[in-house]
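# Fold and geometry: a report
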Amino acid sequence: MSLQERDKKHIWHPLRQHQLNPESVAIVSAKGCLLTDEQGREYIDAIASWYTCVYGHCNDFILNRVYRQMQLLDQVMFSDFTHEPAVSLSEALMEILPDNQNRIFFNDNGSTAVEASIKMALQYYFNKGEKRSTFIAFENGFHGDTFGAMSVSGLSVYNGPFEDFLIAVKRIPTPNGSNHEGILKQLQTLDKKYKIAGFIYEPLLQGAAGMTIHNTKGLNQILEFCKARGILTIADEVMTGFGKTGRYFASDYIETKPDIMCLSKALTAGLVPMAITSCTEAVYDAFLSPDITKGFFHCHTYSANPIACAAAIAGIELLKSNEMQTNLKRIEGSHNAFKNKIKTHPKVKEVRHIGVVLALDIDTKMERYGALRDKLLKFFMDRGVFLRPLGNTIYLQVPYIISENQLQKVYKVIEEALEII
């Protein structure tokens, strides 16, 4: 039996209606930007495997660091111990995070990083003797699949069966450059009516919403409002972090910095799972008390896994390197040229671009997980490119090491796809 056939016997894949789509492509190896299946076919990974493998698959620099760490210390519980990789990673992060971030809490994936941030915000006020139980979030935001993260997400395709069980969230539109006055009035009304603990947001770029980009000035005004009202601000940079928007973090574009940040995905360069919730010293201080119950009693078995920390340290070194920074600028320039070329295509409704992210909306009605989307996915794979449309949005978030020839092939396949729709 093939690997693909064996898979169908026992495995339940995520984001899948197995009765309609029972097949999965069996990948046996990956290197650089290429995935190789069990028949030997190669695919350019044009979304860096859900935005993780940004320095390419099986990057030798990262592999060597991790291999050395595996021979020294593989795993140790983090509630009673510390270790060099965790301490060194905290120091490395302080060099690239916004200046107001000063504490690092380790988690194991993007959803749990968000989950911890929500619990931090709720307990922050609880420890101060206040009961605040409502959150503000953007419409169509996505923050993960655990219950707290799901609560603050706004895409019903993921949340539908669970909506009666979620925490209280009030949603506001994303700022588009002309609606910020209305958003601020809405915030004033919400602030008077509810006890708001926090505002959670994807800074500048909403991933699952179709890589939609919102206005920097408008977001800054929302953050300023929250700061003035004592509402904790939580930047979910799980998707946007570590260079994807052209800077280390999307929050670097915004004057008002978040109180709490959520990091994962590219944090460990796709090698092993890990996530981080960082915060200001003021947030951390609210948990210091002679009363033990005011501590943050939240933990994961693999918190600060030494191997994951080693991968993250190596990834940050690569991110800061001249090579990667030059690559980021090169990709950004290529994306911009393709954007200008494709924006007048009769089947393209809109093109958006920031950093290594480029998205175009096809001018047709299309289900998020429907037949046309599946047709497009197959079209791309048949031509050796892995692109995963979000409804009628085709998007790129390429590894930073992608060659110009590979990038041009991806663009060409997108243009060919527009002719079959």
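Residues numbered from 1 in each chain as written. Predicted model: local features only at pLDDT ≥ 70, side-chain atom pairs only at ≥ 80, totals over all residues. Heavy atoms only, no water.

## A short note on the environment of Leu-34
Looking at the secondary structure, you find Leu-34 in strand β2 (residues 34-37). Residue classification places Leu-34 among the partly exposed positions, given a relative accessible area of 24%. Separated by 135 residues in sequence, Leu-34 and Val-169 place their C-alpha atoms 41 Å apart. Sequence-distant contacts of Leu-34, defined by excluding residues within four places in its chain, comprise Ser-29, Glu-42, Tyr-43, Ile-44 and Gln-406. (Helix = DSSP H or I, 4+ residues; strand = E, 2+ residues; numbered from the N terminus. Buried < 20%, exposed > 50% of the residue type's maximum accessible area, 1.4 Å probe, protein only. Contact = heavy atoms within 4.5 Å.)

## Some details on the pattern of salt bridges
What the rule picks out here adds up to 17 salt bridges. Notably, a salt bridge pairs Glu-95 with Lys-320, separated by 2.7 Å at the nearest N-O pair. One end of the pair, Glu-95, is in helix α4 (residues 84-96); the other, Lys-320, is in helix α11 (residues 306-320), and 225 residues separate them in sequence. Assessed through its relative accessible area of 35%, Lys-320 is described here as partly exposed. Taking the shortest distance from any N to any O, the salt bridge between Asp-259 and Lys-227 comes out at 2.9 Å. Residue Asp-259 is located in the loop between β10 (232-236) and β11 (260-263), and its partner Lys-227 is located in helix α9 (residues 216-228); the two are separated by 32 residues in the primary sequence. Exposure remark for Lys-227: the relative accessible area of 33% places this residue in the partly exposed category. Here the salt bridges share partners, and the residues they tie into one network are Glu-350, Arg-352 and Asp-361. (Salt bridge = Lys/Arg side-chain N within 4 Å of Asp/Glu carboxyl O.)

## Side note on the sheet that holds β11
Taken together, the 7 strands give an open sheet; going across it, the order is β4-β12-β11-β10-β7-β5-β6, and neighbouring strands pair in mixed fashion. The open sheet has two edge strands, β4 (103-107) and β6 (168-172), and neither has a second partner. Sheet twist, expressed as the mean angle between neighbouring strand axes with direction ignored, is 20 degrees. In this sheet, strand β7 (residues 196-201) lies alongside strand β5 (residues 134-138) in parallel orientation, the contact comprising 4 bridges. Following the sheet pairing, Thr-134 is matched in β7 by Ile-196. Sitting on the sheet, α4 touches β4, β11 and β12 (275-279), and the angle it makes with β4 is about 125 degrees. Against the sheet, helix α5 (residues 110-127) contacts β4, β5, β7, β10, β11 and β12, and its axis sits at roughly 30 degrees relative to β12. (Pairing = 2+ DSSP bridges. Axes fitted to C-alpha atoms, helices over the stretch in contact; angles between N-to-C directions.)

## Thoughts on unusual backbone geometry
You will see that Ala-48, though not glycine, has its phi angle at about 50 degrees, which is positive. Looking at the secondary structure, you find Ala-48 in helix α2 (residues 48-51). One non-glycine residue, Phe-242, lies in positive phi territory at about 65 degrees.

## Observations concerning the pairing of strand β1 (residues 27-31)
Consecutive side chains along a regular strand alternate between the two faces of the sheet. Inspection of the sheet shows β1 paired to β2 by 4 bridges, in the antiparallel sense. From the neighbouring strand, Lys-31 faces β2, where its bridge partner is Leu-34. Connecting the antiparallel pair β1 and β2 is a turn made up of 2 residues, with Gly-32 showing a positive phi of about 60 degrees.

## Comments concerning the side chain of Asp-45
Summarising the element assignment, Asp-45 is placed in strand β3 (residues 42-45). Buried Asp-45, no salt bridge; nearest opposite-charge side chain is Arg-388, N-O distance 10 Å. (Lys, Arg positive; Asp, Glu negative; His and termini not counted.)

## Overview of the packing of helix α3 (residues 60-70) against α11
Two numbers describe how α3 lies on α11: the axes approach to 9 Å, and their chain directions differ by 150 degrees. Classified by the angle their axes make, α3 and α11 are roughly antiparallel. Relative to α11, α3 is oriented so that their crossing is right-handed. In this structure, α3 contributes Phe-61, Ile-62, Arg-65, Val-66, Gln-69 and Met-70 to the contact, and α11 contributes Pro-306, Ile-307, Ala-310, Ala-311, Ile-313, Ala-314, Gly-315, Glu-317 and Leu-318. When grouped by side-chain class, the residues that make up the contact of α3 with α11 number 11 nonpolar, 2 polar and 2 charged. (Parallel < 35°, antiparallel > 145°, perpendicular 65-115°, else oblique. Left-handed = near helix turned anticlockwise from the far one by under 90°. Nonpolar A, V, L, I, M, F, W, Y, C, P; charged D, E, K, R; others polar.)

## Remarks on helix α13 (residues 371-382)
Taking 1.5 Å as the rise per residue, α13 with 12 residues should run 16 Å; its terminal C-alpha atoms sit 16 Å apart, in good agreement. Every buried residue of α13 is listed here: Arg-373, Leu-376, Phe-379, Phe-380 and Met-381. In the core, the buried residues of α13 are packed alongside β3, β14 (357-362), β15 (385-386), β16 (393-397) and α14 (404-418). Looking one or two residues beyond α13, the residue adopting positive phi is Gly-384, at roughly 80 degrees. (Expected span 1.5 Å × (residues − 1).)

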